[in-house]
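Structural overview
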Amino acid sequence: MAVFDGKALAMLIKSQVAEEVKKLNKKLKLAVILVGQNPASELYVRNKEKACSDVGIDFELIRFAEICKQADVVKKIKELNRKPEVSAILVQLPLPKHLNEREIIDTISPDKDVDCLTQANFGKLALGLSDFAPCTAAGVLEILKASQIAIQGKRVAVVGRSALVGLPTAHLLTKNNATVALCHSKTQKLKKITKKADILVVAIGKPKFITKKYVKKHAVVIDVGINKVDGKICGDVDFEKVKKKAHLITPVPGGVGQITVSMLLKNILLLNLEKK
Ligand code: NAP
């Protein structure tokens, strides 16, 4: 059994990005749009700002009130699309219910879409035409590669099919020649599927939902979930019990979350390289 060290890999990725940023003959800048004052989103945005500052990437936060108009957000994104000094745009999700999230995301120019959520960029990923992927999904792949886990030919179960995490993770792992079962809330006999998985990725937002009964002996378990229970952060996996059974497991906190932020920095760099 091994517990993945998210901090160590995050530091390594960040130092690699910082080196690359230094070599560029222009400044990179991330613009983040934040609507409302959701405490979790506020925290994620602060983490992104700090990560950018650590590697020498400029950061701009554009705030909108919770009750803002769709047209104003769209207009702002169009302005950011035109600004040459803005290399990457991210809309912090979730957005308030009255806004049309799909329209807002698709307003981002694909060459500034750092989260790979526009139809254009996500479509390329789904067709296997590009490895550019949403940061958390890219992070899952990075963790497996850094931990020298073979992917080709392996049975993978991804639990959760959101556009942000589960679905792109399934696409990336399929592209890397795994055989992927993509599971969700309507999946029947989930345990039967997850128990066969050599690699189990869980992103459902249900604290400690995955107990050891769901896990194959010596499986690799990647816990994407971030939940707050009684003021403490935990994942979607019952870490203490499952770690005894797994070959490798990612802790929460200190696992995937650490890597997601560093993959955001890497994606900013990748967008810049693709423009050349
Ligand atoms: P989401 O959009 O709410 O999607 C949840 C997914 O889980 C849905 O596909 C849902 O199925 C599925 N699901 C829910 N209950 C289930 C069950 N009992 N059995 C099987 N599938 C079930 O959430 P998300 O944005 O993907 O986030 C998932 C978790 O990851 C959250 O805890 C979030 O905070 C965390 N997260 C972490 C990071 C990170 O960097 N570590 C990044 C993003 C998100 P249906 O599609 O059928 O509804």
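The model shown is predicted, which means the values in this text are computed figures rather than measured ones. (Residues numbered from 1 in each chain as written. Predicted model: local features only at pLDDT ≥ 70, side-chain atom pairs only at ≥ 80, totals over all residues. Heavy atoms only, no water.)

**Quick word on the site of the ligand**
To keep it simple, the criterion reads: A molecule or strand has a residue near it when one of that residue's heavy atoms lies within 4 Å. As used in this structure description, the phrase polar contact means that two N or O atoms lie within 3.5 Å; if the pair is within protein, one of them must be able to donate a hydrogen and the other to accept it, and residues adjacent in sequence are counted only when both atoms belong to side chains. Each accessible area is a Shrake-Rupley estimate made with a 1.4 Å probe; only the visible protein chains count as cover when residues are assessed.
Around the ligand sit 20 residues, and of these Arg-161, Ser-162, Ser-185, Lys-206 and Thr-260 come closest. Within the contact set of the ligand, an oxygen atom lies 2.7 Å away from a side-chain nitrogen or oxygen of Arg-161. Taking Ser-162, its side chain carries an N or O atom lying 2.5 Å from an oxygen atom of the ligand. Calculation on the ligand without its partners gives an accessible area of 930 Å², and the protein chains cover 72% of this total.

**Notes on the pattern of salt bridges**
Put simply, the test is: Salt bridge, as used here, is a side-chain nitrogen of Lys or Arg placed within 4 Å of a carboxyl oxygen of Asp or Glu. Secondary structure is summarised from DSSP: a helix means a run of H or I of at least four residues, a strand means a run of E of at least two, and numbering begins at the N terminus for each. Only protein chains enter the accessibility calculation, which uses a 1.4 Å probe. A residue is then buried if its area is under 20% of the maximum for its type, exposed if over 50%, and partly exposed in between.
Inspection of the entire model under this criterion finds 13 salt bridges. Its salt-bridge partner being Lys-29, residue Glu-60 comes within 3.0 Å of it at the nearest N-O pair. Remark: Lys-29 occurs in strand E2 (residues 29–35) and Glu-60 occurs in strand E3 (residues 58–64); sequence separation between them is 31 residues. Glu-79 is the partner of Lys-76 in a salt bridge, and the nearest nitrogen-oxygen pair spans 3.2 Å. Placement of both Lys-76 and Glu-79 in helix H3 (residues 70–82) is noted, with a separation of three residues, approximately one turn of the helix. Owing to a relative accessible area of 28%, Glu-79 belongs among the partly exposed residues under this scheme. Residues joined in a network through salt bridges with shared partners are Lys-14, Lys-50 and Asp-54.

**What to know about the nonpolar core**
Proteins that are soluble and globular tend to have nonpolar side chains buried together. The cut-off we apply is this: Here, the term nonpolar core denotes a set of buried Ala, Val, Leu, Ile, Met, Phe, Trp, Tyr and Cys residues that are joined through side-chain atoms within 4.5 Å. Residue contacts are defined here by distance: any two heavy atoms, one from each residue, within 4.5 Å place the two residues in contact.
Counting residues in each nonpolar core, the largest one holds 56 residues, and the members touching the most others are Leu-30, Leu-144, Ile-222 and Ile-268. Those residues in contact with Ile-222, other than ones at most four positions away along the chain, are Val-140, Ile-143, Leu-144, Leu-200, Val-201, Val-202, Thr-250 and Val-256. Of all hydrophobic cores here, the second largest spans 20 residues; its members include Cys-68, Val-74, Leu-80 and Ile-105.

**Here we look at the sheet that holds strand E7 (residues 199–202)**
Stated formally: Note on pairing: two strands pair once DSSP finds at least 2 bridges between them. Between the N-to-C directions of two axes lies an angle of 0 to 180 degrees, each axis being a line fitted to C-alpha atoms and, for a helix, fitted only over the stretch in contact.
Sheet architecture is open: six strands sit in the order E1-E11-E8-E7-E5-E6, paired in parallel fashion. In the strand order of this sheet, the two ends are held by strand E1 (2–3) and strand E6 (179–183), each with one partner. Relative to strand E8 (residues 220–223), E7 runs parallel, the two being bridged by four bridges. Bridge pairing in E8 places Val-202 opposite Asp-223. In the packing of helix H6 (residues 135–146) onto the sheet, contacts are made with E7 and E8, and the angle to E8 comes to roughly 150 degrees. Where helix H7 (residues 166–175) meets the sheet, its contacts fall on strand E5 (155–159), E6 and E7, and the angle it forms with E6 comes to roughly 170 degrees.

**Brief notes about the pairing of E2**
Note the following rule: Seen with the strands pointing away from the viewer, any crossover whose path from the first strand over the helix to the second strand runs clockwise is right-handed.
Summarising burial for E2: seven of the seven residues are buried, a large majority. In E2, alternate side chains face the same way, and those of Lys-29, Ala-31, Ile-33 and Val-35 on one face and Leu-30, Val-32 and Leu-34 on the other are all buried. Of the strand pairs in this sheet, E2 and E3 are connected by seven bridges, and their pairing is parallel. Bridging from a neighbouring strand, Val-32 pairs with Leu-61 of E3. Handedness of the β-α-β unit built from E2, helix H2 (residues 39–55) and E3 comes out right-handed.

**Considerations on the UniProt feature "binding site: NADP(+)" (unreviewed entry) in the chain**
For the record, the criterion: UniProt positions are given in the numbering used here, feature names are shortened, and annotations may be inferred rather than shown by experiment.
According to UniProt, the positions carrying the feature "binding site: NADP(+)" (unreviewed entry) are Gly-160, Arg-161, Ser-162 and Ile-226. Residue placement: Arg-161 occurs in the loop between E5 and H7. Judged by its relative accessible area of 44%, Arg-161 falls in the partly exposed class. Those residues in contact with Arg-161, other than ones at most four positions away along the chain, are Gly-166, Leu-167, Leu-182, Cys-183, His-184 and Lys-186. Secondary-structure assignment places Ser-162 in the loop between E5 and H7. When neighbours within four sequence positions are excluded, Ser-162 is seen to be in contact with Leu-167 and Pro-168.

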